[in-house]
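Coordinates in review
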Amino acid sequence: ICDKSNLKLEDLLKKNLVLTGMMSVGKSTIGKKLAMKLKYEFVDTDKIIEIKEKSTIKEIFKDKGENYFREIEKKITLEKLKKRNLVIALGGGAFIDELIRKEIKSTCVSFWLDLNIESLLIRLKNDKKRPLLNQDKLEQSINKIYSARKEIYNESNFRIKCDSMKEIEILNKIINLYENTGNKV
């Protein structure tokens, strides 16, 4: 017989693992695999928004504007952050929101997936679904967004430079850092 009388709820619940970074850096791809390895639920905030709004993010930006999108993003993200044992892939701009960032810093372990501009250019050159990208001036557009966000992304607990890493190396590095950070609630 195992005595569980001194087992606390917080020993069973672990902090959420949050992935942030630029669009197309691999937050959803890496996030799904992390969730499987950790046996957590995977949450892609952009996908939830599209399902709730019955519209793509690009259409939401076009029809209702970026401010409307950011308010929905904030509401959904803050709602998800209240749960535990999740791997959450944020939209590229979500961590920029002060309230979201504050909540993540106090309740989660966050990882900035960072990728060089050249690699982002290759991944985004034919992408027509990103509302903040100007395809005609793609490099300039990516540089502008990256420059505006990098200092804030850097407030994450960890920065993973993905440039020369294989997917499995990224996964293993994140899991190792996450499991060694006192991720209990």
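Now for a description of the structure that goes with this document. Every chain is numbered on its own, with residues counted from 1 as its sequence reads. pLDDT decides what is reported in this predicted model: residues at 70 or higher carry local features, side-chain atom pairs at 80 or more are listed and counted, and totals for whole chains, interfaces and linings draw on all residues regardless. No hydrogens and no water enter the side-chain calculation; it runs on all heavy atoms of the structure.

Moving on, we come to the packing of aromatic side chains. Only Phe, Tyr and Trp rings take part, Trp by its six-membered ring, and two of them pair if their centres are within 6.5 Å. Stacked means planes under 30 degrees apart, edge-to-face means over 60, and tilted covers everything else. Scanning all chains against the criterion turns up 5 aromatic pairs. On the basis of an interplanar angle of 20° and a centroid distance of 5.2 Å, the ring pair of Phe111 and Phe158 is categorised as stacked. Residue Phe111 is found in strand 4 (residues 108-114), and its partner Phe158 is found in strand 5 (residues 158-161); the two are separated by 47 residues along the sequence. The rule is simple: take the accessible area with a 1.4 Å probe, protein chains only, and divide by the maximum for that residue type; under 20% is buried, over 50% is exposed, in between is partly exposed. Given a relative accessible area of 21%, Phe158 falls into the partly exposed group. Look at Trp112 and Tyr146: their rings are 6.5 Å apart centre to centre, the planes differ by 40°, and that puts the pair in the tilted class. Taken as a pair, Trp112 in strand 4 and Tyr146 in helix 8 (residues 138-153) lie far apart in primary sequence, 34 residues in all. The exposure class of Tyr146 is buried, given its relative accessible area of 12%. The helix and strand labels rest on DSSP assignments: H or I over at least four residues marks a helix, E over at least two residues marks a strand, and numbering proceeds from the N terminus.

Core analysis: the biggest nonpolar cluster contains 53 residues, and Leu17, Leu34, Leu113 and Ile174 have the highest contact counts within it. Element by element, the count of residues in this core is highest for helix 8, at 6 residues. The set of buried Ala, Val, Leu, Ile, Met, Phe, Trp, Tyr and Cys residues whose side-chain atoms join them within 4.5 Å is what this entry labels a nonpolar core.

This brings us to the pattern of salt bridges. In a structure, side chains of opposite charge can pair up when their charged atoms sit close to one another. Between Lys or Arg on one side and Asp or Glu on the other, a salt bridge is scored when a side-chain nitrogen of the former is within 4 Å of a carboxyl oxygen of the latter. The tally for this structure, following the rule as stated, stands at 11 salt bridges. Between Lys33 and Glu167 there is a salt bridge, with the nearest N and O atoms lying 2.4 Å from each other. With Lys33 in helix 2 (residues 27-38) and Glu167 in helix 9 (residues 167-179), this pair connects stretches of sequence that are 134 residues apart. Lys33 gets classed as partly exposed once you look at its relative accessible area, which sits at 34%.

Attention shifts here to the packing of helix 3 (residues 45-53) against helix 5 (residues 66-81). Running from N to C, helix 3 and helix 5 point in directions that differ by 115°, and their axes come no closer than 10 Å. Both helix 3 and helix 5 take part in a crossing whose hand is right-handed. In this structure, helix 3 uses Thr45, Asp46, Ile48, Ile49, Lys52 and Glu53 to contact helix 5, whose residues at the interface are Tyr68, Phe69, Ile72, Glu73, Ile76, Thr77, Glu79 and Lys80. Residue classes follow a fixed rule: Ala, Val, Leu, Ile, Met, Phe, Trp, Tyr, Cys and Pro count as nonpolar, while Asp, Glu, Lys and Arg count as charged, and any other residue, Gly among them, counts as polar. Residues that form the contact of helix 3 with helix 5 fall into these classes: 6 nonpolar, 2 polar and 6 charged. For helices, the axis comes from a line fit to the C-alpha atoms of the stretch in contact; other axes are also lines fit to C-alpha atoms, and the angle between any two N-to-C directions lies between 0 and 180 degrees. Handedness of each helix crossing follows the sense of rotation of the near helix against the far helix: counterclockwise by less than a right angle gives left-handed, clockwise gives right-handed. Any two residues whose heavy atoms approach within 4.5 Å at even a single point are treated as in contact.

We now examine the packing of helix 5 against helix 6 (residues 98-107). Their axes nearest at 10 Å, the elements helix 5 and helix 6 cross at an angle of 10°. Between helix 5 and helix 6, the interaxial angle falls into the category roughly parallel. Seen from helix 5, the contacting residues are Glu73, Lys74, Thr77, Leu78 and Leu81; seen from helix 6, they are Leu99, Ile100, Glu103, Ile104 and Thr107. Partitioning the contact of helix 5 with helix 6 into residue classes produces 5 nonpolar, 2 polar and 3 charged. If an angle is under 35 degrees, it is roughly parallel; if it is over 145, roughly antiparallel; if it lies from 65 to 115, roughly perpendicular; otherwise it is oblique.

Quick look at the pairing of strand 3 (residues 86-89) now. Here strand 3 shows no split at all, with Leu86 and Ile88 on one side and Val87 and Ala89 on the other all buried. At least two DSSP bridges between two strands are needed for those strands to be called paired. The pairing of strand 1 (residues 16-20) with strand 3 spans 3 bridges and is parallel. Residue pairing in the sheet places Leu17 in a bridge with Val87 of strand 3. Note: strand 2 (residues 41-44) against strand 3, 4 bridges, orientation parallel. Bridge pairing links Val43 to Ile88 in strand 3.

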